Amino acid sequence: MTATQTKSHTIIAWLEDKPGVLNRVTGLFSRRNFNIESLTVGHSEVKGISRMTFVARGDERDLQQVETQLDKLINVVHIADVSQEPTVVREMALIKVATSGQTRGEIMQLVSIYHASVVDVDMTSLIIQIVAPEDRVDSLIKLLDNYGIEEMVRTGQVAMVRGSSRHGHSHSAATVAANGNGNGHHA
Amino acid sequence: MSELKTGGQIIWESLIHEGVEVVFGLPGGTILPTYDDLYKYNYPVHHVLVTHEQGAAHMADGYARATGRVGVCMATSGPGATNLVTGLATAFMDSTPVVAITGQVPKTLLGRDGFQEADIRAISMPVTKHNYLITDIRDLPAALKEAFYIARTGRPGPVLVDITKCVQQDSMEFTYPATVNLPGYRPNRLTPDAAVIDRVARLLNEAQRPVIVAGQGVSMAKAEVELRQLAEKANIPVATSLLGVGTFPATHPLSLSWGGMHGEAYCNYALQECDVMFAIGARLDDRLTGAFSTFAPKARIIHVDLDPAEMGKNLTIDTPVVGDALLTLRALLPQVEPNEHPAWLGQISEWRSDTTERDILAQETDELVAPYVMRQLWHATNQGDCTVVTDVGQHQMWEAQYFYHTKPRSLLTSGGLGTMGYALPAAIGAQMGRPQEEMWVIAGDGGFQMTMPELSTVMQERLPIKIAIINNGYLGMVRQWQDVFYNKRYVGTPLFNPDFVKVAEAYGIPGRAVTRKEDVFDAIRQAQNTAGPFLLDFQVEEFTNVYPMVAPGKSNADMIRRGRPVEN
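Source: prediction; values computed, not measured.

1. Considerations on the pattern of salt bridges
No. 1: Scanning the model with the defined rule gives 32 salt bridges over all chains in all.
No. 2: Arg69 of chain B is the partner of Glu21 of chain B in a salt bridge, and the nearest nitrogen-oxygen pair spans 3.6 Å. With Glu21 of chain B in the loop between helix 1 (7-17) and strand 2 (22-26) and Arg69 of chain B in the loop between helix 3 (53-67) and strand 4 (71-75), the pair connects residues that are 48 residues apart, well separated along the chain.
No. 3: Given the relative accessible area of 37%, Arg69 of chain B is considered partly exposed.
No. 4: Residue Asp136 of chain B is joined to Arg138 of chain B by a salt bridge in which the shortest nitrogen-to-oxygen separation is 2.6 Å.
No. 5: Through salt bridges with shared partners, a single network forms among Lys72 of chain A together with Arg155, Asp307, Glu310 and Lys313 of chain B.

Structure below.
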């Protein structure tokens, strides 16, 4: 057996938007003992096809298993590991921080440094919204923790490959669905 | 076209479109509308009433394995559906094409925890290739079409279609779809790239100590002839997996029998010492490999399978080949050079002559032991011209060791899930699919009792199934583990058995108990010469164990061998 090196991988899966499909995906993760760090899912640009981004940690064998086992699910149309490609990866967080007259200014400075924004204010708290790569979100949270985080929600990461889809690296749902070639099988 | 059809009628008409001749099932409240529609279609589709839904799933599985066609079972919601689960999991682990149709509570009651509601779609998700919950009749024809298509194509497997009662009662204009629309499913029969075939051929041509490992996938692709051509052209010995038994004749000079936990010693030595392993249509699971890290340490492994997820799942593979077994062998054959491998075959022959199955037969001279029964059965069936359906445990291993299978699909057994209780219902399904075949059930006394009530199904359908119980009064394989790993503390393994011959008689099935070695052949002949079913209760020596044996998690190199024969 080769020495195992575990790394985080960002993987995009295109799913048919059918009832129970998310159940199939998460059930597979748990049954196969896959280690998933984050998962987000929502509509793609094509009706009927959802797009899921997830981050999985493991060695080469683990990741190959994640991809091939997921691809075997009938409702998974396509899957791509974009870790090696130039990508834009973003996560969004909403963070409610306790404030007082003294701390509000300091917090606003941090918000500005992190290109975050304040989306709600009252006398004792602020809701801060940040859209950034995961490590920057982590870093802001760590700083805000000093003031007392009352509530927090994170979306998990979403990813998109840079550049035009027409230059070969096409990960558009339309292309993916068309290349599925399961359409119109005479059976 | 313009005539309205009920959901129930659509189900039966879809089955007829798929060529289904027999359905194994048991009705209940939420599937009753469909059963009520059956009387209109009774001629083309025969319904076999079972005693327990687990039996229905195993029957569909046995039917599918024996015929290569999709087996169909049917059950009601709630407990009817959950009773199918063991059978679906059995089919899933062994890649058997089965379609299960279940009734579900009406849509308006879904999620209300009403009588006999169970979320069988969620429950069956990890043990089916795919499944459906149909709550709108407009989705029904496509779901049924897809279910059969998915079950039988690519790597086959079970598909469950859960259909609410209201859908079965609803009606619509019906046309069975001609095509499926499954953008995420690509079951194409692949021929590997030429470059991959070149590499495989080069590895095989340069190998000094090559071995082929053939699995059930070879039979599924109907590639037994090509497998044999490859083996004979290059003189490569062939081991099989347990499910691969029958893909290569066990009596062939190049046969290594089968390998793994209870495989023949010479087979395991050959697997451990080979320099190139060509594994085809076998998933290389832990029962075959022993500890993954110690398996075939000197070998470059070529793994041919049509399921990409099998590549490197358990082992480090030198050359993964995603492809259809038949197309791969056809592409490979012209490029493989004739070869003799005299030193390697000589070495194997030396291992083979060291300790083989003859030893246990020669050793136990007086007592009735199961290996002897297996060999006598082989002789009595004109050297294996029958289908054997085994249960799970010691008898299953002995059957595979001592009964030489020479035809494909002639051994049906639960290899992956190891489901006790499989044999009798699976044999019922197999016999329904192949009425002319001589069908033998071999089961232990423990497993047989798990699905024994299906004896009534045997009689109901007037099937001439011959049943051999290997009765040692224990859950034998578990007892063997207690012998070897738990210092002979027999907790929960001694059995309180009924008189199996009397049980059979209660169902109207004649039987005979056999306690002496000299009666074995005659008893088998009596079973064969009796029209209809017959039960043989072989009361064998209690403490005989199955050897060779590899302890779980250990290397196949560390086998516990059989004892040597007493020299005469």
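2. Some points on the packing of helix 10 (residues 224-234) of chain B against helix 13 (residues 325-332) of chain B
All names here are of chain B.
No. 1: Look at helix 10 against helix 13: their axes get within 9 Å of each other, and the N-to-C directions meet at 35°. For the element pair helix 10 and helix 13, the recorded crossing hand is left-handed. Counting all contacts with helix 10, which are made through Glu226, Leu227 and Leu230, the residues of helix 13 involved are Leu326, Leu329, Arg330 and Leu332.
No. 2: Broken down by class, the residue content of the contact of helix 10 with helix 13 amounts to five nonpolar, no polar and two charged.

3. Quick notes on the domain arrangement of chain B
Residues and elements named next belong to chain B.
No. 1: What the domain assignment reports for chain B is domain 1 (4-173), domain 2 (194-354) and domain 3 (365-539).
No. 2: Its C-alpha centre places domain 1 at a distance of 37 Å from the equivalent point of domain 2.
No. 3: Counting residues at the interface gives seven residues for domain 1, matched by seven residues for domain 2.
No. 4: Together domain 1 and domain 2 conceal approximately 570 Å² of surface at their shared face, both sides included; 51% is due to carbon and sulfur atoms.
No. 5: The largest contributions to the domain 1 side of the interface with domain 2 come from Met93, Asp94 and Arg155, which together make up 68% of the buried area.

4. Quick notes on the domain arrangement of chain A
All names here are of chain A.
No. 1: Domains assigned within chain A are domain 1 (7-86 + 166-179) and domain 2 (88-158).
No. 2: Taking only C-alpha atoms, the centre of domain 1 and the centre of domain 2 are 29 Å apart.
No. 3: Carbon and sulfur atoms make up 55% of the surface buried where domain 1 meets domain 2, a total of about 420 Å² over both sides.
No. 4: Considering only the surface of domain 1 that becomes buried against domain 2, Ser38, Thr40 and Thr53 emerge as the three largest contributors, covering 64% of it.
No. 5: Across the contact surface, domain 1 and domain 2 share zero salt bridges.

5. Section: unusual backbone geometry
All names here are of chain B.
No. 1: Look at the link from Tyr547 to Pro548: it is a cis peptide, with omega at 0°.
No. 2: With respect to the element layout, Pro548 can be found in the segment after strand 21 (534-539).
No. 3: Despite not being glycine, Gln116 has its phi angle at roughly 55°, a positive value.
No. 4: With respect to the secondary-structure elements, Gln116 resides in the loop between strand 5 (98-104) and helix 5 (120-124).

6. A few points about the sheet that holds strand 7 (residues 158-164) of chain B
All names here are of chain B.
No. 1: Strand order in this open sheet of six strands is 3-2-4-5-7-6, and the pairing throughout is parallel. Each edge of the sheet is formed by a strand with only one pairing partner; in this case those strands are strand 3 (46-49) and strand 6 (130-134). Each strand axis lies, on average, 20° off the axis of its neighbour in the sheet, ignoring direction.
No. 2: When strand 2 meets strand 3, the two strands line up parallel, connected through four bridges. Among the inter-strand pairings, Gly25 is bridged to a residue of strand 3, identified as Leu49.
No. 3: In the packing of helix 4 (residues 79-93) onto the sheet, the strands contacted are strand 4, strand 5 and strand 7, and the crossing angle to strand 5 comes to about 165°.

7. Details of the packing of aromatic side chains
Residue and element names in this part refer to chain A.
No. 1: By the definition in use, this model includes 13 aromatic pairs over all chains.
No. 2: Ring geometry for Phe29 and Phe54: centres 5.1 Å apart, planes at 55°, overall tilted. With Phe29 in helix 1 (residues 21-31) and Phe54 in strand 3 (residues 49-58), the pair connects residues that are 25 residues apart, well separated along the chain. Assigned by exposure class, Phe29 and Phe54 land together as buried.

8. Notes on the sheet that holds strand 1 (residues 7-16) of chain A
All names here are of chain A.
No. 1: Strand order in the open sheet formed by four strands is 2-3-1-4, and the pairing between neighbours is antiparallel. Both edges of this open sheet fall to strand 2 (36-43) and strand 4 (76-81), since each of them pairs with a single strand only. The sheet shows a mean angle of 15° between the axes of neighbouring strands, direction not considered.
No. 2: With 10 bridges joining them, strand 1 and strand 3 adopt antiparallel strand pairing. Residue pairing in the sheet places Ile11 in a bridge with Phe54 of strand 3.
No. 3: Packing of helix 2 (residues 60-72) onto the sheet brings it into contact with strand 1, strand 3 and strand 4, and relative to strand 3 it is tilted by some 160°.

The rules behind the values
Residues numbered from 1 in each chain as written. Chains lettered and ligands numbered in written order. Predicted model: local features only at pLDDT ≥ 70, side-chain atom pairs only at ≥ 80, totals over all residues. Heavy atoms only, no water. Salt bridge = Lys/Arg side-chain N within 4 Å of Asp/Glu carboxyl O. Helix = DSSP H or I, 4+ residues; strand = E, 2+ residues; numbered from the N terminus. Buried < 20%, exposed > 50% of the residue type's maximum accessible area, 1.4 Å probe, protein only. Axes fitted to C-alpha atoms, helices over the stretch in contact; angles between N-to-C directions. Left-handed = near helix turned anticlockwise from the far one by under 90°. Contact = heavy atoms within 4.5 Å. Nonpolar A, V, L, I, M, F, W, Y, C, P; charged D, E, K, R; others polar. Domains from an automatic or database assignment. Buried area = accessible area lost by both parts, 1.4 Å probe. Pairing = 2+ DSSP bridges. Phe/Tyr/Trp six-rings, centres within 6.5 Å; stacked < 30°, edge-to-face > 60°.

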